[in-house]
Amino acid sequence: MRQRLTKTPFGCVATILAGFVFTWGTSACLGESSAVGKRVVFIAGRPSHGFGSHEHNAGCLLLAKKLKEALPAIETVVYTNGWPEKKDALSGASAIVVFADGGGGNIIAQHLAELDAAIKEGAGLVVLHYALEVASPESREKMKSWIGGYYETFWSVNPTWVAEFKELPNHPITRGVKPFSINDEWYYHMRFVEDMKGVTPILTAIPPDSTRMGPDGSHSGNPAVRARKGMPEHVAWAYERPDGGRGFGFTGGHFHWNWAHDQYRTVVLNAIAWTAHIEIPPEGLKTKTPTIDELLENLDEPMPSNFDRQFLQRQIEQWNQP
């Protein structure tokens, strides 16, 4: 039997036996090889908040760039400023990432049929930040079936707080991720599927009691939230659908600069790849920390005169110190 060693397009070593290719080498190579033929579609919502917040366009473009950096074989497509006009935009998608505003203008709720068709074809779904909030009964049930949970008004809350993730579960999404803490508008007390069936909490922290004390309202507070003082809350989770598909919900994403936190960014990149059924190496998807110039690309509004570049640089260095 003829045997030959050769290089794959990813620099890994492959053994060719009787016309079959067996790839071996580093775990990173295995991750890259599993990305061949995978297509990740990013859908970025329109501008909504001020400079540096809810940067849907810049955030999706940056995440797509970093995903490609970690997995050169993957195909990424980013549609900016709302739902894509192309009728076949989701065709062949291995995973779909939606980063947009929610509430009454939620683009997921407005395009349930298109998403449902892609998901039935096997696409994974990643939903970031405000896009998790859906209002109609139909959209809520769809979100639960697609990603295992959603933000429910008068049940969930959306305070800004420093979440300390002291322990991480053993899951492909947490590979290469160390415990960390970071300030964000971390939504919590989400509405999950019954008995959390199929759901694996990925990021869990105990919110300060002060975040539970808002008056009753659609986002500010409610008796159920206040009754859970001192209890942990899940702010990111993985979902395995009964049909084998995958979903991921991430309640952070308010502050654009947080993508420069290596642990924070790696969780989301790992999750996107995982929903696309890509093998995550033990060290996770490693990418370079975005520079401030990279973070400032594609923002919706011009830089204000009081933007403190040096302060942000110190913050990034503090986040990522060994």
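This structure is a prediction, so every number in the text was calculated from the model and none was measured.

Draft legend 1. Representation of the sheet that holds strand S6 (residues 95–99). The 7 strands are arranged S5-S4-S6-S7-S14-S13-S12 in an open sheet whose pairing can be described as mixed. Two strands bound the open sheet, and with one partner strand each, they are strand S5 (75–79) and strand S12 (199–205). Averaged over all pairs of adjacent strands, the angle between their axes in this sheet comes to 15°, without regard to strand direction. Relative to S5, strand S4 (residues 39–44) runs parallel, the two being bridged by 5 bridges. Each residue of the ladder has a partner; that of Val41, found in S5, is Val77. Running at roughly 165° to S4, helix H2 (residues 56–70) makes contact with S4, S5, S6 and strand S7 (124–128) of the sheet.

Draft legend 2. Representation of the packing of H2 against helix H7 (residues 262–275) in the model. Running from N to C, H2 and H7 cross one another at 75°; their axes reach a closest spacing of 10 Å. For the element pair H2 / H7, the angle class is roughly perpendicular. Contacts between H2 and H7 involve Leu63, Lys66 and Leu67 from the former and Arg265, Val268, Leu269 and Ile272 from the latter.

Draft legend 3. Local environment of the environment of Gly102. Mapped onto the secondary structure, Gly102 falls in the loop between S6 and helix H3 (107–110). Overall, the relative accessible area of 8% leaves Gly102 in the buried class. On a C-alpha basis, the gap between Gly102 and Tyr79 in space is 17 Å, while along the polypeptide they are 23 residues apart. Apart from the residues lying within four places of it in its own chain, the contact partners of Gly102 are Tyr130, Ala131 and Glu133.

Draft legend 4. A look at the nonpolar core. Counting residues in each nonpolar core, the largest one holds 61 residues, and the members touching the most others are Trp186, Leu203 and Phe250. Residues contacting Leu203, with those up to four places away along its chain left out, are Phe165, Leu168, Phe180, Trp186, Glu233, His234, Val235, Ala236, Phe250 and Val267. If you look at the next biggest cluster of nonpolar residues, it comprises 36 residues, including Ile108, Leu125, Tyr151 and Val199.

About the criteria used
- Residues numbered from 1 in each chain as written.
- Predicted model: local features only at pLDDT ≥ 70, side-chain atom pairs only at ≥ 80, totals over all residues.
- Heavy atoms only, no water.
- Pairing = 2+ DSSP bridges.
- Helix = DSSP H or I, 4+ residues; strand = E, 2+ residues; numbered from the N terminus.
- Axes fitted to C-alpha atoms, helices over the stretch in contact; angles between N-to-C directions.
- Contact = heavy atoms within 4.5 Å.
- Parallel < 35°, antiparallel > 145°, perpendicular 65-115°, else oblique.
- Buried < 20%, exposed > 50% of the residue type's maximum accessible area, 1.4 Å probe, protein only.
- Core = buried A, V, L, I, M, F, W, Y, C linked by side-chain atoms within 4.5 Å.

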